[in-house]
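# Structural overview
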Amino acid sequence: MRTIIFLTTEIYLLEEFEQSALKRGNKLIVFYIGKFHDVNLNLFNCHFEMFNRLNIKEIVECLKNKYSFADIIFTNDEKLIDKVYEISELSNIKTYNFFENNYSRSKYNTKKVQNGKNVPKISYLEEFLSGESNLEYPLVIKPNCGYGSSGVYLLKNELELETSIRKVTKAIRIMKLWANGYNFDSKIVLEEYIEGKEYAIDMLWYKGEVVFSGICERLHGLEGHHFEDFVYYSKKLELEIEQKISKAAQDFCRAFNFETGATHTEMKITREGKVYILDNALRPGGGGCFYYIYSLKYGRNFFKIYYDIMTDQFVRSELLTKAPNEGLYFLYCNLLENGGKIKNIFFNSSEIPRTLVNTRTDIFFKKGDIIPDLQFGNTYNIFIFGKLKDNFPEVQGLNDIVKLNKCCHIEFENS
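Attention here is on the structure that accompanies the text. (Residues numbered from 1 in each chain as written. Predicted model: local features only at pLDDT ≥ 70, side-chain atom pairs only at ≥ 80, totals over all residues. Heavy atoms only, no water.)

## Focus on the layout of surface pockets
What counts here: Each cavity reported here is a set of points on a 1 Å grid over the protein atoms alone in which a 1.4 Å probe fits but cannot get out, each pocket an open set with protein on both sides within 12 Å along at least five of seven lines, and each lining residue one with an atom within 4 Å of a point. Grid points are joined across faces, edges and corners, and a volume is the space filled by probe spheres set on the points. Secondary structure counts use DSSP, requiring at least four H or I residues in a row for a helix and at least two E residues in a row for a strand, with both numbered from the N terminus. In this count, Pro and Cys sit with the nonpolar residues alongside Ala, Val, Leu, Ile, Met, Phe, Trp and Tyr, while Asp, Glu, Lys and Arg are called charged and the others, Gly among them, polar.
Its boundaries defined by the atoms lining it, the second largest pocket holds a volume of some 320 Å³. Surrounding the second largest pocket, 15 residues form its lining, Phe 212, Ser 213, Glu 242, Tyr 298 and Pro 324 being those nearest its centre. Of all elements in the fold, only β10 (209–220) and α7 (239–254) reach the threshold of two or more residues within the lining of the second largest pocket. When the residues that make up the lining of the second largest pocket are grouped by side-chain class, the tally is seven nonpolar, five polar and three charged.

Here it is in structure tokens:
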């Protein structure tokens, strides 16, 4: 039996990884960092080691004293990747090399490495204010090292700049609190706004090769919703478009000598067919929520493929050729507008529009959590995904997707 160490600050994918470990006959040891929520996970094949905060010395001592025989250590948490390298070296437990040192979560640095190829123009806020950049409105303002679309705003003119700077600064302040001691760059960047269709591609890499991938299209602001609210939907695209998306994402990642793991790449394609990479992350898309709709569409368990890759148990012959399931699969990300201590969470399935089937909700907060006022634009809170009925027009179905926010009710204490 192989012993796998999983280092994480998140709990919402543990059930998926536990099932993958069971199928491989592995023993899964979860090194959890942070406050462990009192939730009913029913994890029978996992053992937990709890740490209040990231303390590499404490983690390494635990590994040496209790798990020196472990086969591999991995994480799906992007902010822990560099820490896993350090822990691996100190504990002498194997992990994978995701990329070389020239990659970082800095949006500015990663785009500069591309030397202007397939990326929008970008500058630090200070450069823009001093007139050193050649950016012109409309622009997108965002944290340099943000995540989850937090603190991302569209600027149409100079009048909106001052207000947006305050919003992004607030978002960064809150994200730094969430970072709980991890490295976090507080700088603000501005990018040229690109008109075009927006797509996301999740790729699973093994030893320098993409072994499987899934593609979604992204829609903003349906029926007057917030710019930060969005729908991703996956359907059959023209082969030329899929090839263009895949090539652009692979070229971007290979610039950093990416080897093994998961990447999530967001991009736009203009009417003229030019591709612009907007963002790239070394993790499953949406923290893993994209994998649910990809698993539905492609008939492959993306979580298991990812787990096998990260634990060096991937077998290519298990990926038999299979045509995607026709239909329209969606992922809706809902913006929370209130904050406080969560008292109760309700999901009323009777309110789901009749065009939607196989609907599931995943809420990344639990009862008892204390969360800040999220009006700064954090969308990674409520994910609802499923499939549209095949006999309804696409536009009607997509409009019904955004009505799902009425199905989810979060009650805060003293509200």
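## Some details on the side chain of Ser 123
We count it as follows: We call two residues contacting when some pair of their heavy atoms lies within 4.5 Å.
Counting through the fold element by element, Ser 123 comes out in strand β5 (residues 122–124). Setting aside its immediate chain neighbours within four residues, Ser 123 contacts Tyr 108, Phe 128, Ser 133, Leu 135, Ile 188, Val 189 and Leu 190.

## A look at the sheet that holds strand β7 (residues 153–155)
Selection criterion: Strand pairing follows a simple DSSP-based rule, namely that at least 2 bridges must link the two strands. For helices, the fitted line uses only the C-alpha atoms of the stretch in contact; every axis is such a line through C-alpha atoms, and the angle between N-to-C directions lies from 0 to 180 degrees.
Read from one edge of the open sheet, four strands run β5-β8-β6-β7, paired in antiparallel fashion. Each end of this open sheet is capped by a strand with a single partner; those strands are β5 and β7. The sheet shows a mean angle of 30° between the axes of neighbouring strands, direction not considered. Direction of pairing for strand β6 (residues 139–143) relative to strand β8 (residues 188–192): antiparallel, over a ladder of five bridges. When the sheet's bridge partners are listed, Pro 143 is paired in β8 with Ile 188.

## Describing helix α1 (residues 14–24)
Residues separated by three or four positions in an α-helix point in the same direction, a consequence of the helix having 3.6 residues per turn. Applied cut-off: Burial classification: accessible surface area is computed with a 1.4 Å probe over protein chains only, and a residue below 20% of its type maximum counts as buried, one above 50% as exposed, and the rest as partly exposed.
Looking only at α1, the buried set comprises Leu 14, Glu 16, Phe 17, Glu 18, Ser 20 and Ala 21. Following α1 by one or two positions, Gly 25 adopts a phi angle in the positive range, close to 70°.

## A word on the sheet that holds strand β2 (residues 27–33)
Strand order in the open sheet formed by four strands is β3-β2-β1-β4, with parallel pairing between adjacent strands. Looking at strand neighbours, the two that pair on one side only are β3 (46–51) and β4 (72–74), the edges of this open sheet. Each adjacent strand pair in this sheet contributes to an overall mean axis angle of 20°, direction not counted. In this structure, strand β1 (residues 3–8) lies alongside β2, joined through six bridges in parallel fashion. For Thr 3, the partnering residue across the bridge sits in β2 and is Lys 27. Along the sheet, α1 makes contact with β1, β2 and β3, crossing β2 at roughly 160°.

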